[in-house]
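Residue strings, one per chain:
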Amino acid sequence: MTGSSVWWSGLVILCFLALFSRTVIGRPATFLQDFRATWSDSHIRQIEGGKAIQLILDQNSGCGFGSKYRYLFGHVSMKIKLVPGDSAGTVTAFYMNSDTDTVRDELDFEFLGNRSGQPYTVQTNVYAHGKGDREQRINLWFDPSADFHTYSILWNHHHVVFYVDEVPIRVYKNNEAKGIPFPKFQPMGVYSTLWEADDWATRGGLEKIDWSKAPFYAYYKDFDIEGCLASGPTSCASNPNNWWEGATYQQLNPDQVRRYHWVRMNHMIYDYCTDKARYPVAPPECVAGI
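My aim in this report is to walk through the structure given alongside it, one point at a time.

About the criteria used
Every chain is numbered on its own, with residues counted from 1 as its sequence reads. Local features in this predicted model are restricted to residues of pLDDT 70 or higher, and side-chain atom pairs are both shown and tallied only at a pLDDT of 80 or more, whereas totals for entire chains, interfaces and linings draw on every residue. Side-chain calculation: all heavy atoms of the structure are included, whereas hydrogens and water are not. Under the DSSP-based scheme used, a helix requires at least four consecutive residues in state H or I and a strand at least two consecutive residues in state E, with every element numbered from the N terminus. Polar contact is defined as a pair of N or O atoms within 3.5 Å, subject to the rule that within protein one atom must be able to donate a hydrogen and the other to accept it, and that residues adjacent in sequence are counted only when both atoms are side-chain atoms. Each pair of aromatic rings taken from Phe, Tyr and Trp, with Trp reduced to its six-membered ring, is defined by centres within 6.5 Å and is described as stacked if the planes are under 30 degrees apart, edge-to-face if over 60, and tilted in the remaining cases. Partly exposed residues are those whose accessible area sits between 20% and 50% of the maximum for their type, while under 20% is buried and over 50% is exposed, using a 1.4 Å probe and protein chains only. Put simply, a disulfide is two cysteine sulfurs that come within 2.5 Å. In what follows, salt bridge is the name for a side-chain nitrogen of Lys or Arg lying within 4 Å of a carboxyl oxygen of Asp or Glu.

As for the environment of Y220
Step number 1: Mapping Y220 onto the fold places it in strand β15 (residues 216-229).
Step number 2: Separated by 168 residues in the primary sequence, Y220 and A52 place their C-alpha atoms 5.5 Å from one another.
Step number 3: A polar contact is formed between the side chain of Y220 and the side chain of S192, at a distance of 2.4 Å.

In structure tokens form, the structure reads like this:
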């Protein structure tokens, strides 16, 4: 093979690898590589050379950011340090959303602010084919404002799993065979917001935001998205060789099951599945197990 042929072959391989890596994975070294401000960019500050950000909530505005790309299946995580002290009435959200109106898919973490000394509550929700109202709430077993903790969503053809520091706190299984909708057709972006919601966030709206404590700050770093880009080859999302589709990730292992039940027995404070006032008959996904 001539020198020029080797050069061209190498260039083709490099181009293919570059395309493949952006199809399957996006791990930004800095915030702006994979994210953009979606709301009030003046309230988003880059720190540590853009490897971390600070979100600001004051009486003028909250703020938010979102991924530049949408993904179909994969794994997303961020390290977040939540609003410290008296954060009642504030909501810090980290979620995936299909950006479609009536039939949207959405996977939510919502961190509900508290009065000083009370536990922080995380609310999760799942929208599939436009149907939501699947709230579950857990009191975190640590102070999430004292340091960074990792919050992750695993989304594959088998289930959606919400993790806190690698501890599974919620599982939503794919039970389409039983007529239960599952998000698998619509790519989703990755978003986060910090905003005021004192009409419902803390003790059902009984605790109002104390603006004398403003501004409120939340911090993010170690943004990690691995998934199939919506703009990439359609074969990516159905590829069983994607790591998040592997046998290890198709169901919880025994240790994960043990930790999952520990969280739910000791820290769960609300589950729509057991709310008889809302659902006299438990929704079908509630009896499908993990």
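The discussion continues.
Some details on the packing of aromatic side chains
Step number 1: According to the stated counting rule, one finds 21 aromatic pairs in the structure shown.
Step number 2: For the pair F31 and F223, a centre-to-centre distance of 5.8 Å together with 55° between the ring planes defines the contact as tilted. Of this pair, F31 sits in helix α2 (residues 31-34) while F223 sits in strand β15, and the two are 192 residues apart along the sequence. The pair F31 / F223 is uniform in exposure class, with both members buried.
Step number 3: Taking the centre distance of 5.8 Å and the plane angle of 5° together, the rings of F109 and F111 count as stacked. Judged on exposure class, the residue F109 and its partner F111 are both buried.

Regarding the environment of E48
Step number 1: Along the polypeptide, E48 turns up in the loop between β3 (44-47) and β4 (52-57).
Step number 2: Along the sequence, E48 and E135 sit 87 residues apart, while their C-alpha atoms lie 35 Å from each other.

Observations concerning the state of the cysteines
Step number 1: According to the stated counting rule, one finds two disulfides in the structure shown.
Step number 2: Here C228 connects covalently by a disulfide to C236, the sulfurs 2.0 Å from one another. On the sign convention where negative is left-handed, the bridge of C228 and C236, at about -75° about the S-S bond, is left-handed. Taken individually, C228 and C236 each receive the classification buried, so the pair is uniform in this respect.
Step number 3: Between C273 and C286 runs a disulfide, and the two sulfur atoms are separated by 2.0 Å.

Focus on the pattern of salt bridges
Step number 1: Under the counting rule described, the total for this entry stands at eleven salt bridges.
Step number 2: Close ionic contact of E106 with R104 constitutes a salt bridge, the shortest N to O distance being 2.8 Å.
Step number 3: A relative accessible area of 9% places E106 in the buried class.
Step number 4: The partner of R278 in a salt bridge is E135, and the shortest N-O contact between them spans 2.9 Å.

What is shown is where atoms sit, not what they do.
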